[in-house]
Each structure stands twice: as structure tokens, then as C-alpha cells.
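Residues per chain are reported as follows:
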Amino acid sequence: MKKILLLGSGELGKEFVISAQRKGQHIIACDSYAGAPAMQVADEFEIFDMLNGEELERVVKKHHPDIIVPEIEAIRTERLYDFEKEGIQVVPSARAVNFTMNRKAIRDLAAQELGLKTAKYFYAKTLEELKEAADKIGFPCVVKPLMSSSGKGQSLVKSADELEHAWEYGCSGSRGDIRELIIEEFIKFDSEITLLTVTQKNGPTLFCPPIGHVQKGGDYRESFQPAHIDPAHLKEAEEMAEKVTRALTGAGLWGVEFFLSHDNGVYFSELSPRPHDTGMVTLAGTQNLNEFELHLRAVLGLPIPGIKQERIGASAVILSPIASQERPQYRGLEEVTKEEDTYLRIFGKPFTRVNRRMGVVLCYAPLDSDLDALRDKAKRIAEKVEVH
Ligand SMILES: Nc1ncnc2c1ncn2[C@@H]1O[C@H](COP(=O)(O)OP(=O)(O)OP(=O)(O)O)[C@@H](O)[C@H]1O
Ligand SMILES: NCC(=O)N[C@@H]1O[C@H](COP(=O)([O-])[O-])[C@@H](O)[C@H]1O
Ligand SMILES: [Mg+2]
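This structure is a prediction, so every number in the text was calculated from the model and none was measured. (Residues numbered from 1 in each chain as written. Chains lettered and ligands numbered in written order. Predicted model: local features only at pLDDT ≥ 70, side-chain atom pairs only at ≥ 80, totals over all residues. Heavy atoms only, no water.)

Observations concerning the site of ligand 1
Put simply, the rule is: Any residue with a heavy atom positioned within 4 Å of a molecule or strand is treated as near that molecule or strand. By the criterion applied in these results, polar contacts are pairs of N or O atoms within 3.5 Å in which, for protein atoms, one can donate a hydrogen and the other can accept it, and in which residues neighboring in sequence qualify only through two side-chain atoms. Computed by Shrake-Rupley with a 1.4 Å probe, the accessible areas treat only the displayed protein chains as cover when residues are assessed. Strands here mean DSSP runs of E at least two residues long; helices mean DSSP runs of H or I at least four residues long; both are numbered from the N terminus. In this count, Pro and Cys sit with the nonpolar residues alongside Ala, Val, Leu, Ile, Met, Phe, Trp and Tyr, while Asp, Glu, Lys and Arg are called charged and the others, Gly among them, polar. All the domain ranges listed were derived from an automatic or database domain assignment.
Within the structure, ligand 1 sits among 19 residues, and Lys144, Gly151, Glu184, Glu192 and Glu270 are positioned closest to it. Note that an oxygen atom of ligand 1 is positioned 2.9 Å from one of the backbone N or O atoms of Ser150. A distance of 2.9 Å is found between a nitrogen atom of ligand 1 and a backbone nitrogen or oxygen belonging to Ile187. In isolation ligand 1 offers 620 Å² of accessible surface; the protein chains occlude 93% of this area. When residues of the shell around ligand 1 are traced back to their parent elements, those giving at least two are strand 7 (141-145), strand 9 (181-185) and strand 14 (252-261). When grouped by side-chain class, the residues that make up the shell around ligand 1 number five nonpolar, six polar and eight charged. If you count residues domain by domain, the shell around ligand 1 takes at least three from each of domain 2 (120-185) and domain 3 (191-387).

Structural data, given as C-alpha cells:
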């Protein structure tokens, strides 16, 4: 039995805990608020600010975990190097978590050191620098905080007079203490995918069938698997995923994000060194092993005899239209449960914000079924669930 300290206790952590406990592991789930989804199913929990290095150290010293599994990016990640030196396994590695929590580190590694194709980009520490960079990149362009996720602080800038707002919005959506943004060329992609990639302690790198997804305001709305893409594009994406995960080192499942364009090919966008939100579609049984089970096996060094696509799947998110400190209620459960081949996963978040992701609808169908129809079904059903 391993003692696993889970840093971040959202919906992704909750599924990871369930997989880990089914393999007899002991989990301490951490987050900044009480009653977080993964805490509801873990053995123990800790509530503290994971951006605070001293607090993080206190909790690590208290529990002496064998393994630390970061689940979010808002963590004082520099400390992870020390824990790793002390013999604690950091997932996938302290290096990977440090590089990916800051867009600058991962983008420079991918574009400059590894030579992967990305959108053109610059960094800006002031509004002036942002304006200069926008001049070089042109419009539209995309502005994001160096540290953020799920589209927080991200804006699509269509003209110069929107830059000031993008600067303010980016700074206010930034996590931690840095006031620096990345400005990227807007890629007019035809589709985007997440390539779930598994790096193993003993064994080759494995890839899941590509997951297609649709984002709005930088946050995921629906995902589906398998995405039908050009086999040459898939091969290129797999090669890039292999390169970047090897450079970052460690064992675990990663969500590697790409933009695909018929005319311009494959762009590397970014990656999560952990299960990906769009990968929740694997909870519909699209694969023999879902992304959380794969992460766990890779982390524990357990065998993965192969990844097989079993059926097609689609996920559609349920967002809260309201902000409330009270425990949310859900309408429409009968509407969902009367549907065939459909699962509902309410995450159990104890309070809401506007547009906070509260649950997901998952639909599946045999391999030869119509994927577009399945996507429509998942979206139609998700719309019937109301958070109030
Ligand atoms: N340069 C770009 N050109 C076109 N679209 C973009 C660009 N950058 C981001 N996007 C869109 O915004 C989405 C979110 O961007 P990105 O993945 O960088 O943000 P994030 O906040 O890290 O999201 P998450 O943490 O949920 O993965 C992308 O999936 C894509 O749809
Ligand atoms: N794109 C990253 C992502 O989806 N992360 C997932 O969302 C949770 C935070 O949700 P919250 O903001 O609603 O607390 C995280 O804990 C993780 O499970
Ligand atoms: Mg992303």
C-alpha cells in the first residue's frame, strides 16, 4: 500500500482517488476548501493554501507520503524538487510539474529547445510590451496569464483598442504573484485534440485514441473520442507528445493539446502532466482503461497490457448559471436517467460560481455509430440538467 498525497481535489482528483482506492492505496486529498470532490472519497484530507510553501511542507512532513500527485496548477511547485530529493515520488516528476505550471517554461522548452511547431508568441510584463508584441503578431491574437488554467484571464483580442482590457483581465485572472502575460498568434484551426499519453517506469510510451473537443472562452464544453483526424497529423502529434513528455521526464498520464489545420498542419499548444478535463469522456467506457486508471497504473509502475478503444463516447459539461455559497441542487435527473447509454457525473462541489463546472454528461455507443449524433445527444441531455 502506498500513501498518496493528492494536491488538488476537484473532479479529476475524485476519479483518481476512486481508481487508487480500488487498488488498495491510501489517499490524503488536499485543497483550499472543505468538502472538495476528491475529499469526499479519500481516506484523509487537508485544507490549506497549496501556494504557500511552508504550509505545503508542513503537510508533507505530517503525512510522509510515498507519492505526491499534483491535481491542479496552483501549487508552490518549486518545493516539489526538495520533496523529490528526499525520496518522495513526485508525479510525473518535479521537473514536469514545474515546467507546465508556467506557460513560459513549457512554451520555451517546446518551441525553442525541442523545435515543436507552436503559435507565434511573445511575453509582456507591461501594457506597453503587450502593445509592441501585438504589433508584431497582428490581430486577432490571444492573450493569457502565464499562470492560469481553464481559460481564466484569457481573451481573444480583435483590435488594438481591446488590448488594455486584455491586459487588465489577464492580470486579474493570473494565479500567484507574477504579472506577466503571453500573447499568441490566433491559430485558425479546423479542430483541436487532446492526445492522452502515458509514460511508464518500465515500458514504452502509450497513446490513447485522440480526443476531440470544443472550448468556449478557453474552457472545455464538450469532448468526444475518437476524433477523426488525418493519420499523418496523428502521427505527427504522437511524435511531438513523445518528445515533450520525454524532455519533461517521469511516469504518468499526460494530456497533450494540439491544434489541427488542413492547410498548416499540427501545432503543439500545451500539456497537463496529469489527467485532462476533456479526457473525462473516457469515463464513458470508451477505452478498456479510463484516463484515471491509466494514470494510477503508470504512477504505481503497474503493467498496462494495452489501450483499446471499446466504443465511441461524448461528454458535455454542466455549468452553474449562478454563484452561491449554499450547496447546489440539481434539476433534470429523471430527464437524464431515462436516456439509454448515458451516465451523469455530478462532482459534488459544495458551492458554485457563475460558469463553474459542476458535472458532466457522458454518452456512449458502439464503435461504428455516428459520432456527431452522439455529441448532439450528450449536449442535448446536459442542457436538461439545471443547477440551482
Ligand atoms: N493561439 C491560439 N489560437 C487559437 N485558439 C487558442 C489559442 N490559444 C488558446 N486557444 C483556445 O483556448 C483554449 C484554451 O487555451 P489553453 O489550453 O492555452 O488555456 P488553459 O487555460 O490552459 O486551459 P486548460 O487549463 O483548461 O487546458 C484552447 O483549447 C483553444 O480552444
Ligand atoms: N482544466 C483544468 C481542470 O479542469 N481541472 C479540474 O478542475 C478542478 C477545479 O475546479 P474548480 O475551479 O471548479 O474548483 C481541479 O481540481 C481539476 O479537477
Ligand atoms: Mg488547455
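Overview of the domain arrangement of the protein chain
Note the following rule: Note on contacts: a residue pair qualifies if any of its non-hydrogen atoms lie within 4.5 Å across the two residues. Each of two parts loses accessible area, computed with a 1.4 Å probe, when they are put together; buried area is these two losses added. Any carboxyl oxygen of Asp or Glu that lies within 4 Å of a side-chain nitrogen of Lys or Arg is treated as forming a salt bridge with it.
Here the protein chain is described as being made up of domain 1 (3-90), domain 2 (120-185) and domain 3 (191-387). Taking only C-alpha atoms, the centre of domain 1 and the centre of domain 3 are 22 Å apart. Listed as interface residues are 21 residues of domain 1 and, on the opposing side, 27 residues of domain 3. At the boundary of domain 1 with domain 3, total buried surface from both sides reaches about 1,900 Å², with 61% on carbon and sulfur atoms. Across the contact surface, domain 1 and domain 3 share four salt bridges. The residue Glu293 makes a salt bridge to Lys23 at a minimum N-O spacing of 2.8 Å. Elements with a contribution of two residues or more to the side of domain 1 that touches domain 3: helix 1 (11-21) and strand 4 (67-70).

Brief notes about the packing of helix 6 (residues 127-137) against helix 7 (residues 163-172)
Test applied: Each axis is a line fitted through C-alpha atoms, and for a helix only the stretch in contact is used; angles between axes span 0 to 180 degrees, taken between their N-to-C directions. Under this scheme an angle from 65 to 115 degrees is roughly perpendicular, one under 35 degrees roughly parallel, and one over 145 degrees roughly antiparallel; angles in between are oblique. Crossing handedness is defined as follows: a turn of the near helix away from the far one that is anticlockwise and smaller than a right angle gives a left-handed crossing, while the clockwise case is right-handed.
Their axes nearest at 10 Å, the elements helix 6 and helix 7 cross at an angle of 125 degrees. With respect to helix 7, the element helix 6 is oriented oblique. Crossing of helix 6 over helix 7 shows right-handed handedness. Contacts between helix 6 and helix 7 involve Leu127, Leu130, Lys131 and Ala134 from the first element and Leu163, Glu164 and Trp167 from the second. Here the residues of the contact of helix 6 with helix 7 are counted per class, giving five nonpolar, no polar and two charged.

Points about the site of ligand 2
All residues adjacent to ligand 2 are Gly10, Glu11, Leu12, Glu71, Ile72, Ser150, Lys152, Asp277, Lys349, Arg353, Arg356 and Arg357. Here Glu71 contributes a side-chain N or O atom positioned 2.5 Å from an oxygen atom of ligand 2. Arg356 is positioned with one of its side-chain polar atoms (N or O) 2.7 Å from an oxygen atom of ligand 2. About the coverage of ligand 2: the protein hides 80% of its 450 Å² of free accessible area. Across the shell around ligand 2, the residue classes tally to two nonpolar, two polar and eight charged. Each of two domains, domain 1 (3-90) and domain 3 (191-387), supplies a minimum of three residues to the shell around ligand 2.

Comments concerning the environment of Ile381
Inspection of the secondary structure puts Ile381 in helix 11 (residues 371-384). In this structure, the C-alpha to C-alpha distance between Ile381 and Val361, residues 20 residues apart in sequence, is 7.2 Å. If we ignore the near neighbours within four places in the chain, the residues touching Ile381 are Val336, Glu339, Thr342, Val361 and Cys363.

Details of the sheet that holds strand 7
In a beta sheet, neighbouring strands are held together by backbone hydrogen bonds and run either parallel or antiparallel to one another. Short version of the rule: Paired strands, as defined in this entry, are two strands with at least two bridges between them according to DSSP.
With antiparallel pairing, four strands are arranged side by side in an open sheet as 6-9-7-8. Across the chains shown, the open sheet's two edge strands, defined by having one partner strand only, are strand 6 (121-124) and strand 8 (155-157). The average undirected angle you get between the axes of adjacent strands in this sheet is 25 degrees. With four bridges connecting them, strand 6 and strand 9 associate as antiparallel partners. Among the inter-strand pairings, Tyr121 is bridged to a residue of strand 9, identified as Glu184. In the packing of helix 5 (residues 103-113) onto the sheet, contacts are made with strand 6, strand 7 and strand 9, and the angle to strand 6 comes to roughly 150 degrees.

Remarks on the pattern of salt bridges
Rule in force here: Buried means the residue's accessible area, taken with a 1.4 Å probe over protein chains only, is under 20% of the maximum for its type, while exposed means over 50%, and partly exposed covers the values in between.
Taken as a whole, this structure holds 30 salt bridges when the rule is applied. Across the pair Glu78 and Arg76 runs a salt bridge, and its minimum N-O distance is 3.6 Å. Assessed through its relative accessible area of 24%, Arg76 is described here as partly exposed. One network of salt bridges, with partners in common, ties together Glu11, Asp219, Arg221, Asp277, Lys349 and Arg357.

With respect to the UniProt feature "binding site: N(1)-(5-phospho-beta-D-ribosyl)glycinamide" (unreviewed entry) in the protein chain
The condition is simple: UniProt positions are given in the numbering used here, feature names are shortened, and annotations may be inferred rather than shown by experiment.
UniProt records the feature "binding site: N(1)-(5-phospho-beta-D-ribosyl)glycinamide" (unreviewed entry) for Glu11, Leu12, Glu71, Asp277, Lys349, Arg356 and Arg357 in the present numbering. Using a relative accessible area of 9% as the deciding quantity, one classes Glu11 as buried. Residue contacts for Glu11: discarding those within four places in its chain leaves Pro37, Glu71, Met280, Phe347, Lys349 and Arg357. Inspection of the secondary structure assignment puts Lys349 in the loop between strand 18 (342-346) and strand 19 (357-365). Every residue in contact with Lys349, bar those within four places of it in the chain, is listed here: Glu11, Pro37, Pro328, Arg356, Arg357 and Met358.

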